Amino acid sequence: MPPTPYNPCLWYNKQMKTLQKNFFLYTAIGCGLFVVMTLVAMLVYPGGTYSEPSQVGYSFSRNFFSDLGLRTAHNGQTNLASRLLFSSALTLAGLTLVLFFVQFRSFFLDTRRDQVLSLLGALLGIGAGVSFIGVAFTPADVHMQAHVQFVMWAFRLFPLTVLCFTLVMFRTAALPHRYASVLLAFFGLLVAYYLLLTQGISIESPQGLVIQALGQKIIVYASILSILIVSLGAWQVRKSAKFHA
């Protein structure tokens, strides 16, 4: 028999189907990359904190994530390696969030109410993702005002995004409700962190610095863990016969 002629359209359709089927697996991998890149950025950070410029290296309890993105570390040394890793990791996270929420909406289109809630969640999620990307490109030692605004908007929009999808997930059987419970717990953490960010103890005191720095680490890695868990759940459902793209 003669070989089957190459058909670029069939090849393209096959690749797109594979991409869509495994999209949430790639999202989970992106979450893992963020963790690895930020941890490496901490290892190569030159040193210094807001209150102790002479400190050697990065302190998990006294340095903020934003310190990784400084052009000049608190000890006065160039922070190029850490900044590139941090900016790349946060850009990856922002893009991952945007694509995740756009794709995640496809599970919740059965009723008009679900469509509206998931659309609102996706739009808010896009805004949160763009805000995180904005944080990546506004070093706090160069563009402090813009940096703070991007941080604040990210943590204003993210809880609303999670709330929308939590509500719609509890309303439907598109995914097991345990994943909605994960998002509900995550929503509680986001609200608590926003209150800490806006009403909590000042970083001017040693105790306040530690609480704020650790609180930031908890919410960032809780965000990654929550999206990773839900992504793996969505991937399993999409692989099954319950969902057809």
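Bear in mind that the values here come from a model prediction, so they are computed numbers and not experimental data.

Asks: Looking at this structure, how should I read the packing of aromatic side chains?
Replies: Aromatic ring pairs are described here by two measures, namely the spacing of the ring centres and the angle between the planes. Applying the stated rule across the entire model yields 19 aromatic pairs. Ring centres of Phe-24 and Phe-107 lie 5.7 Å apart, and the angle between their planes is 45°; on these two criteria the pair is classed as tilted. A residue pair is termed long-range when its members are at least 10 positions apart, and Phe-24 in helix α2 (residues 23-44) and Phe-107 in the loop between α3 (80-104) and α4 (112-136) qualify at 83 residues. Look at Phe-107 and you get buried, because its relative accessible area is 6%. Against the face of Trp-153 rests Arg-156, its NZ or CZ located 4.8 Å from the ring centre. Above the plane of the ring of Phe-65 lies Lys-217, whose end atom (NZ or CZ) is 5.7 Å from the centre.

Asks: Even after reading the chapter, I still don't get the confidence of the model for the protein chain, so can you show me in this structure?
Replies: Close inspection of predicted coordinates is inappropriate for parts of the model with low pLDDT. Overall, the prediction assigns the protein chain a mean pLDDT of 88, with 89% of residues at 70 or greater. Confidence, expressed as mean pLDDT per element, reaches its minimum in the protein chain at helix α1 (residues 8-21) with 56 and its maximum at α4 with 95.

Asks: Is there a simple way to think about empty space enclosed by the protein in this case?
Replies: If you roll a probe as big as a water molecule over the atoms, it shows you where there is empty space left. In total, this model carries one cavity of 30 Å³ or more according to the counting rule given. Lining the largest cavity are 21 residues; nearest its centre among them are Phe-34, Leu-90, Phe-132, Phe-155 and Val-220. Elements represented by at least two residues in the lining of the largest cavity include exactly α2, α3, α4, α5 (144-171) and α7 (206-239). At six residues, α3 tops the list of elements feeding residues into the lining of the largest cavity. Taken together, the residues that form the lining of the largest cavity break down as 16 nonpolar, five polar and no charged.

Asks: I would appreciate a short explanation of the layout of surface pockets in the present structure.
Replies: A volume near 540 Å³ is recorded for the largest pocket. Phe-64, Ser-66, Met-144, Val-148 and Ile-203 are, among the 19 residues lining the largest pocket, the residues nearest its centre. When residues of the lining of the largest pocket are traced back to their parent elements, those giving at least two are α5, α6 (177-199) and α7. Sorting elements by how many residues they give to the lining of the largest pocket places α5 first, with five residues. The residue makeup of the lining of the largest pocket, split by class, is 12 nonpolar, five polar and two charged.

Asks: Hey, could you run me through the nonpolar core in this one?
Replies: When a protein is soluble and globular, its nonpolar side chains tend to lie buried together. Counting residues in each nonpolar core, the largest one holds 58 residues, and the members touching the most others are Phe-104 and Phe-158. Broken down by secondary-structure element, the contributors of at least two residues to this core are α2, α3, α4, α5, α6 and α7. Here this core gets 10 residues from one element, more than from any other, and that element is α5. Not counting residues within four places of it along the chain, the set of residues in contact with Phe-104 comprises Phe-24, Phe-165, Met-169, Leu-175, Val-230 and Ala-234.

Asks: Even after reading the chapter, I still don't get the side chain of Thr-172, so can you show me in this structure?
Replies: In this fold, Thr-172 is placed in the loop between α5 and α6. Thr-172 sits in the buried class, given a relative accessible area of 11%.

Asks: Quick question: what am I supposed to make of the packing of α2 against α3 here?
Replies: In helix packing, the relevant descriptors are the interaxial angle and the interaxial distance, both defined with respect to the helix axes. In the contact formed by α2 and α3, the axes pass within 9 Å of each other and the chain directions differ by 160°. Considering their axes alone, α2 and α3 lie roughly antiparallel with respect to each other. As for the relative orientation of α2 and α3, their crossing is left-handed in sense. For the contact of α2 with α3, the class distribution of residues is 18 nonpolar, seven polar and no charged.

What counts, and where the lines are drawn
- Residues numbered from 1 in each chain as written.
- Predicted model: local features only at pLDDT ≥ 70, side-chain atom pairs only at ≥ 80, totals over all residues.
- Heavy atoms only, no water.
- Phe/Tyr/Trp six-rings, centres within 6.5 Å; stacked < 30°, edge-to-face > 60°.
- Helix = DSSP H or I, 4+ residues; strand = E, 2+ residues; numbered from the N terminus.
- Buried < 20%, exposed > 50% of the residue type's maximum accessible area, 1.4 Å probe, protein only.
- Lys NZ or Arg CZ within 6 Å of the ring centre and 35° of its normal.
- pLDDT = per-residue confidence, 0-100.
- 1 Å grid on protein atoms, 1.4 Å probe; cavity = no way out; pocket = protein on both sides within 12 Å on 5 of 7 lines; lining within 4 Å.
- Points joined across faces, edges and corners; volume = space filled by probe spheres on them.
- Nonpolar A, V, L, I, M, F, W, Y, C, P; charged D, E, K, R; others polar.
- Core = buried A, V, L, I, M, F, W, Y, C linked by side-chain atoms within 4.5 Å.
- Contact = heavy atoms within 4.5 Å.
- Axes fitted to C-alpha atoms, helices over the stretch in contact; angles between N-to-C directions.
- Parallel < 35°, antiparallel > 145°, perpendicular 65-115°, else oblique.
- Left-handed = near helix turned anticlockwise from the far one by under 90°.

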